[in-house]
Amino acid sequence: MSIAMVGDKVFRLNTKAFSYVVYIGPEQLPMNAYWGPLVEHDSDFADAAFAREPLHFPPQHLWPQEYAAFGGLFQKETSIRVCFEDGVGDLRLRFSHHTICDDHLCLTLLDQDRPLTVELWYRVRENENIVERWCCVKSNVAQPVTLINCATAQFSLPGTGYCSTNFTGRWSGEFQQKTTPIDCGKLVYESLYGLTGHQCGPFFAVHQGADETDGMVWFGALAYSGNFKVTVENVCGEHLNIVAGINDSTFQRTLHNGESFETPHLFAGCAKGFGQMSRTLHHFALQKLLPSPMCRSVLPVLYNSWYSTEFAVNEQQQLALARIAAGLGVELFVMDDGWFRGRVDSTAGLGDWTADSVKFPNGLTPLIDGIEALGMRFGLWIEPEMVNPDSELYRAHPDWILRYAGREPIQWRNQYILNISNPAIQEYLFSSLNDLLHEYHISYLKWDMNRYMAEIGSVGTEQEDFALCHAYTEGVYSLARRLRNAHPTVELEACASGGGRVDYGAIQYFDEFWPSDNTDPLDRLLIQQHYSLLYPPKCMRSWITDDTAFNGRQIPLQFAIYTAMCGALGIGVNLALKDSETLSAIGCYIEQYKAIRPIVQLGSCYRLSSFEASPLQAVQYLLENSGVVFVFLHSAQYGKSRYRCLLQGLKPTNLYSCRAGDLCYVKSGSYLMQHGLELILHGDWSSVLVTLEAVEG
Ligand code: DGJ
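Residues numbered from 1 in each chain as written. Predicted model: local features only at pLDDT ≥ 70, side-chain atom pairs only at ≥ 80, totals over all residues. Heavy atoms only, no water.

Digging into the overall build of the chain
When helices and strands are tallied, the chain shows eleven helices and 38 strands. For a compact globule of 697 residues, the expected C-alpha radius of gyration is about 26 Å, and the chain comes in at 26 Å, within 12% of that figure. When its C-alpha atoms are laid out on the principal axes, the chain stretches across 75 × 70 × 45 Å. Looking at the chain residue by residue over its 697 residues, the buried ones come to 60%. Surface accessibility of the chain: about 26000 Å² in total, with carbon and sulfur atoms responsible for 51%. If you average the places of the 51 positive and of the 76 negative side-chain charges in the chain, the two averages end up 3 Å apart. (Helix = DSSP H or I, 4+ residues; strand = E, 2+ residues; numbered from the N terminus. Rg over C-alpha atoms; globule rule 2.2 N^0.38 Å. Buried < 20%, exposed > 50% of the residue type's maximum accessible area, 1.4 Å probe, protein only. Areas by Shrake-Rupley, 256 points an atom, 1.4 Å probe, with all protein chains shown as cover. Lys, Arg positive; Asp, Glu negative; His and termini not counted. Charge placed at Lys NZ, Arg CZ, Asp CG, Glu CD.)

Quick look at the site of the ligand
By nearness alone, 13 residues border the ligand, and Asp336, Asp337, Lys446, Asp448 and Asp517 come closest of all. Contact between the ligand and Asp337: an oxygen atom at 2.6 Å from a side-chain N or O atom of the residue. Contact distances for the ligand include 2.9 Å between an oxygen atom and a side-chain N or O atom of Lys446. When the free accessible area of the ligand is taken as 300 Å², the share hidden by the protein chains comes to 97%. Given that more than half its atoms are within 2 Å of the pocket grid, the ligand belongs to the largest pocket. Considering only residue class, the shell around the ligand consists of four nonpolar, three polar and six charged. (Near = heavy atom within 4 Å. Polar contact = N/O pair within 3.5 Å; in protein donor to acceptor, adjacent residues only side chain to side chain. 1 Å grid on protein atoms, 1.4 Å probe; cavity = no way out; pocket = protein on both sides within 12 Å on 5 of 7 lines; lining within 4 Å. Sits in = over half its atoms within 2 Å of the grid points. Nonpolar A, V, L, I, M, F, W, Y, C, P; charged D, E, K, R; others polar.)

Let's talk about helix α7 (residues 465-486)
The end-to-end C-alpha separation of α7 is 31 Å, in line with the 32 Å expected for 22 residues at 1.5 Å each. The principal kink in α7, of about 25 degrees, is found at Ala471. (Expected span 1.5 Å × (residues − 1). Bend = angle between axes of the 7 residues up to and from the residue.)

Some thoughts on the layout of surface pockets
Space inside the largest pocket adds up to approximately 640 Å³. Lining the largest pocket are 31 residues, and of these Trp171, Arg413, Asn450, Ser497 and Asp517 lie nearest its centre. When residues of the lining of the largest pocket are assigned to their parent elements, the largest contribution, three residues, is made by helix α2 (residues 306-309). (Points joined across faces, edges and corners; volume = space filled by probe spheres on them.)

Brief notes about the sheet that holds strand β2 (residues 10-14)
Pairing between the strands of a sheet is mediated by backbone hydrogen bonds and can be parallel or antiparallel. Strand order across the open sheet formed by four strands is β1-β2-β3-β4, with antiparallel pairing between neighbours. For this open sheet the edge positions go to β1 (3-6) and β4 (30-37), each flanked by a neighbour on one side alone. Across the sheet, the axes of successive neighbouring strands diverge by a mean angle of 20 degrees, strand direction being ignored. Pairing between strand β3 (residues 18-24) and β4: seven bridges, direction antiparallel. Each residue of the ladder has a partner; that of Ser19, found in β4, is Gly36. (Pairing = 2+ DSSP bridges. Axes fitted to C-alpha atoms, helices over the stretch in contact; angles between N-to-C directions.)

As for the sheet that holds strand β26 (residues 444-447)
Read from one edge to the other, the open sheet built from eight strands follows the order β28-β27-β26-β23-β22-β21-β30-β29, with strand pairing classed as parallel. If you trace the sheet from one side to the other, it starts and ends with β28 (512-513) and β29 (541-544), each paired once. With two bridges connecting them, strand β21 (residues 302-304) and strand β30 (residues 568-571) associate as parallel partners. Directly across from Leu302, in β30, lies its bridge partner Gly570. Contacts between helix α9 (residues 557-565) and the sheet are confined to β29 and β30, with β29 contributing the most and set at about 165 degrees to the helix. (Contact = heavy atoms within 4.5 Å.)

Some points on the pattern of salt bridges
What the rule picks out here adds up to 31 salt bridges. The closest approach of N and O atoms between Glu493 and Arg541, which form a salt bridge, is 4.0 Å. Of this pair, Glu493 sits in strand β27 (residues 491-494) while Arg541 sits in strand β29, placing them 48 residues apart in sequence. Side by side, Glu493 and Arg541 carry an identical accessibility label, which is buried. (Salt bridge = Lys/Arg side-chain N within 4 Å of Asp/Glu carboxyl O.)

Digging into the pairing of strand β8 (residues 116-125)
The element β8 is largely enclosed, with a buried count of eight among its ten residues. With seven bridges joining them, strand β7 (residues 104-111) and β8 adopt antiparallel strand pairing. When the sheet's bridge partners are listed, Leu107 is paired in β8 with Leu120. Linkage of β7 to β8, two consecutive antiparallel strands, is achieved through a turn of four residues. Where β8 meets strand β9 (residues 130-139), ten bridges bridge the pair, whose relative direction is antiparallel. Bridge pairing links Leu116 to Ser139 in β9.

Some points on helix α6 (residues 423-439)
The end-to-end C-alpha distance of α6, which contains 17 residues, comes to 24 Å, matching closely the 24 Å that a straight helix rising 1.5 Å per residue would cover. Those residues of α6 not exposed but buried are Ile425, Gln426, Leu429, Phe430, Ser432, Leu433, Asn434, Leu436 and Leu437. Packing partners of the buried residues in α6 comprise β23 (377-382), β26 and α7. The opening residue of α6, the one whose side-chain oxygen lies 2.9 Å from the backbone nitrogen of Ala424, is Asn422.

Observations concerning unusual backbone geometry
Geometrically, the link from Ser292 to Pro293 is a cis peptide bond, its omega value of 5 degrees lying close to zero. Take Pro293: it is sitting in the loop between α1 (273-289) and β21. Phi at Arg413 is positive, roughly 50 degrees, even though this residue is not glycine. Among the structural elements, Arg413 can be located in the loop between α5 (392-396) and β25 (416-417). Looking at Arg413, the relative accessible area reads 26%, which means it is partly exposed.

Points about the environment of Ile456
Its place among the elements puts Ile456 in the loop between β26 and α7. Each C-alpha atom of the pair Ile456 and Gly89 lies 25 Å from the other, and the pair is 367 residues apart in sequence.

Some words on the pairing of β9
β9 sits mainly inside the fold: nine of its ten residues count as buried. Hairpin connection between β8 and β9: a loop of four residues separates the two successive antiparallel strands, and Asn129 in this loop has a positive phi of roughly 60 degrees. By the bridge criterion, three bridges tie β9 to strand β20 (residues 266-272) in an arrangement that is antiparallel. What sits directly across from Val131, in β20, is Ala268. Summarising the sheet, β9 and strand β19 (residues 260-262) pair through three bridges and their orientation is antiparallel. Residue pairing in the sheet places Cys136 in a bridge with Glu262 of β19.

Looking at empty space enclosed by the protein
Unfilled space is identified by rolling a water-sized probe across the atoms. Summed over all chains, the structure comprises four cavities of 30 Å³ or more. If you go around the largest cavity, you meet 14 residues; those closest to its centre are Gln528, Gln529, Ser532, Val619 and Tyr621. If you list the elements that add at least two residues to the lining of the largest cavity, you get α8 (521-531), β31 (604-609) and β32 (616-623). Ranked by residues supplied to the lining of the largest cavity, first place goes to β32 with four residues. Each residue belonging to the lining of the largest cavity can be placed in one class, and the counts come to eight nonpolar, five polar and one charged. Contributing to the lining of the second largest cavity are Phe167, Glu174, Phe175, Gly197, His198, Gln199, Cys200, Gly201, Pro202, Gly499, Val502 and Tyr535. Tallied by class, residues from the lining of the second largest cavity come to six nonpolar, five polar and one charged.

In structure tokens, the structure reads:
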């Protein structure tokens, strides 16, 4: 049983791999008794409720609460803060009752003397090794109650010596993994960008010095694409306090009598090493979160000319590229930015989602027919949340943007943000995109978002400023949901100036992500490695391009395309300028990719080695009896060309046939994991792809 009670005060939650135990402690407050590897003997926790009071003055501050309320004697980061109309600014929550229904547990807390309840929800995803948490606040108070903070969940881990791993980064330098000791004080990872942003991720991964394969990692991924806040706090050198949820700096919600508010959800777990943490989350995302019907099938190889043509697209040019792409084995041809009314550059057109009559005098049908006749599907770029001042939409509805009354609205990339939380604006966007999808045979949309939120004001509605940020994110989800429901087979990609909207909220609406505009293969290998800490390679779009703008270096085709083959392969080079030898090489790599694609996209991912600590970067994928290993060397030194790479996840007694080009040998799983795969990598920018197949012993 995934949920059991031990006595009448202890709730034991078990997945296949770990236990999470909550007890009702002093002052009737739910507290954490244990979170770690599976403990199967339930009665071990029978006395959890009588845990010794911490030696502190006052002890309340150190209680390992599951959801602490602001006020009272808890001076650490708390989960919820309200203000009642009479000025009372605290909550005195007490456990009232519980319900268990299948894999759900709900602990209901009630304020000591006002009818405001807080439900703490737990869902045990037993087979996926995830405990899902969220919270729901309900008010039956006669006067309005202002919710000032309402986090999703709070966690406590005993003792000290913890480190926290997250990302830092920026546009084109996303997903730089960093680890920080939490020796004292608080570390806050947050977004105030209006969306997930490029700077850090809405998750926590804490440990006491874990690496890829060893050391326990406790993690939680927030299913949220808006302003978030994750606080990791050392409390008095005694325990670690973690609070995750919507960022309270830009949040507020008024609850009238009878109203309730539900937070975003969070997926928590613990695993041995970062590798296991990643595979747990990847597997969960593939099995339970990614939208159907594409969640179980592989993503197509796509072509996109953005890096070659930018805004200057037209029918003849796109068709010419499509003819070459089809010959190489491309399955989906995507036209990026530049196709819609007035879109000559970034100054015009956003908001008007109809084909530009100068570039496409006969609409998009001739182009789409041509692409489909070549055996490919067709996809388009959109940026629905935005509007250029130079657009029909803005001229008709200047009041639809986020702005403060009486102030000049702030432009960025020549655009304003539409207030997508407004149902009328949502309706306009849905109907214009719905019309587009009805008018044309479109199989894929790249949904971009190219600016951060500045003014969180809205003119002409009664919306509270601080309610707007969260309502905006809900508006994005609602539009994506409606589009998916109306067009279930249209593939959706999330892009936000590269990887600005990659998170466990978006993953439930989008089939794939664009992790970065930086396609330099060396940078990209590290971006991809760190991206995979949380997110599955299947939904990581990865292209080869001709772009050398970032670092000014040319990298050989094989190194570049093997980098892109580590995720969902895309081709973004200018095919019209490539010689026939290069084109035929790209065609061969695409064929090779299609043969290994199910293993890369649907298998388990093992990060074997990183340029951060080794001359080699290597990643392995395993699906049942088949495997693929990509190994990269960026610069040769001292004439060394023989390397060994320790594989992971194989069955020790199985024999595996290992193939790299013409080379083929058979080795046991234990040999490959302990002695290592032997490789020859000669010269700068070498790379090798090795396939593994279990053979009869
Ligand atoms: C930003 C994206 O990250 C790029 O891939 C491209 O689609 C441009 N926007 C188009 O404006």
